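These are the residues of each chain, in order.
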Amino acid sequence: MLKARFQKTLPTFELEVDVSVSDGILVLVGPSGAGKTTILQCVAGLQTPSQGEIKIRGKTIFSSEHGTNIPIRNRRIGYVFQDYALFPHMTVEKNVLYGKPKKRSTANQVFTAVGVLELLKIEHLRNRYPSQISGGEKQRVALARALMTEPELLLLDEPLSALDQDTRSLLQQELLKLQAQWKIPFILVTHDLQEAEMLGDQIIKLDHGKQEVIRKLQIRHN
Amino acid sequence: MEFSFIPIILSLKVAFASVIIVTCLSIPIAGLMVKHEFLGKDVIESIITLPLVLPPSVIGFMLLVFFGKNGPMGKLLEQWFQIRIVFTLAGAVIAAAVVSLPLMYQSVKVAMESVDRNLEMAARTLGAGDLRVFFTITLPLAWNGIVAGLVLAFARSLGEFGATLMIAGNIPGKTQTMPLAIYFANDAGDTGQASILVIIMTVFSFMVIYGLNRWGKGSRRDSRREYRGREG
């Protein structure tokens, strides 16, 4: 459960954010430069909002009023970068294991390396380096790596924009399945309205820092 | 006069010691400089780079003033630890380290700056603290630049002449490194000894530059070996 209400002053406009997501996928859609990535980075802790408050599962991770700003590494938020940001000097397996918590917080079997690699169908790639796999495979590795940290929220920054149409539709289906299985909220950023319609339980359109709700939370029919 | 290997051995000793000092200094300094903004950063950076443009005699003179018998550091070391820097091999090491630090530092800094910031951010979102990010992401990805800096610093240390002469002097068997031996052998008319050392230094320096160029090309090819096909 995420509740975020904050402002961030950007060079050309003021970004105003008021989102809340309890389950399912919240899609932020809008043109380039609308502040989508900034929202994700503020939630993850890679950027600091000018003012406001961000809460996850009732725990305040940022509050300008109380001077709270929990470091990124303690926020338990998974982040999938636009260009995947896989570590080029590590194998797929090492990449996936990088963020594995030392102490297991849940006894969930899926959180083993094998479990996650299997879930995302990348087990056969474990000894390859990122430069030796395809874009779609990189995307799966990036997802696996983020999930391995046992996050309470997953942020995805244009995860499918660099892929060809077939890989893209395939991964869209898998993201939906994954979210249903994992039962943590996803926030996904895209500039493609069609993709937003396809994936979003909630859709928020952004333009120059102002948000407009396109679809409210409802039960997904499929 | 028969050929002596001692200058070669002394030069290697000085170069190794200097490279160790320079590595231990430049990696943490470059790490801090790349990651943080602070007051006086440009001043510190300029001071580190200064030996690159100053004549060696100026550096030698400064070191002499600083580490000399009555210099601030020289006095301290002499009184507390009974260590003398002037006219010892330690002096030669310090001279070599001061002139090769800028080479290593620049090389390491450029390498660290070119590490994709997204990768460091990704490591942070995966729960890594500053030190873990530095040792598992920044340092390994800057490795090529670090090795290049290391080799350049080694070669520069090996060839250091002016500042070494001023602070360490020219004591055969004690502080007379290869460049000094060449200068003084030639001065004394012993061209045989001078030419052998000249050949050794030239061949070595050539190999360093050649090796670095080859290796640079090789690693660029590696990074271009991106995955192609499969999706198409």
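Before any of the text, the structure's been laid out above.
We now turn to the structure provided with this report. (Residues numbered from 1 in each chain as written. Chains lettered and ligands numbered in written order. Predicted model: local features only at pLDDT ≥ 70, side-chain atom pairs only at ≥ 80, totals over all residues.)

### With respect to the interface of chain A and chain B
- Chain A puts 24 residues into the contact, and the matching count from chain B is 19 residues.
- Within the residue set of the side of chain A that touches chain B, elements represented by two or more residues are β7 (77-80) and α4 (135-148) of chain A.
- For the side of chain A that touches chain B, the element with the highest residue contribution is α4(A), accounting for three residues.
- For the side of chain A that touches chain B, the per-class residue count stands at 11 nonpolar, nine polar and four charged. (Contact = placed C-beta atoms within 7 Å. Helix = DSSP H or I, 4+ residues; strand = E, 2+ residues; numbered from the N terminus. Nonpolar A, V, L, I, M, F, W, Y, C, P; charged D, E, K, R; others polar.)

### Description of the nonpolar core
- Counting 70 residues, the largest nonpolar core has A:Val27, A:Leu28, A:Val43, A:Ala144 and A:Leu155 as its most contacted members.
- The biggest single contributor to this core is α4(A), with seven residues.
- Each of domain 1 (1-76 + 152-222) and domain 2 (83-148) of chain A accounts for three or more of the residues forming this core.
- Ignoring any residue separated from it by four or fewer positions in sequence, one finds A:Val43 in contact with A:Ala4, A:Ile54, A:Ile77 and A:Leu155.
- Residues B:Val22, B:Ala92, B:Ala97 and B:Ile182 belong to the second largest nonpolar core, which totals 48 residues. (Core = buried A, V, L, I, M, F, W, Y, C linked by C-beta atoms within 7 Å. Buried ≥ 20, exposed ≤ 12 C-beta atoms within 10 Å, placed from the backbone. Domains from an automatic or database assignment.)

### As for the sheet that holds strand β6 (residues 68-69) of chain A
All names here are of chain A.
- The five strands are arranged β2-β1-β4-β5-β6 in an open sheet whose pairing can be described as antiparallel. Whereas interior strands pair on both sides, the edge strands pair on one side only; in this sheet they are β2 (14-21) and β6.
- The sheet contact formed by strand β4 (residues 51-56) and strand β5 (residues 59-63) spans four bridges and is antiparallel. From the neighbouring strand, Ile-54 faces β5, where its bridge partner is Phe-62.
- Where helix α1 (residues 36-44) meets the sheet, its contacts fall on β1 (2-9), β2 and β4, and the angle it forms with β1 comes to roughly 115 degrees. (Pairing = 2+ DSSP bridges. Axes fitted to C-alpha atoms, helices over the stretch in contact; angles between N-to-C directions.)

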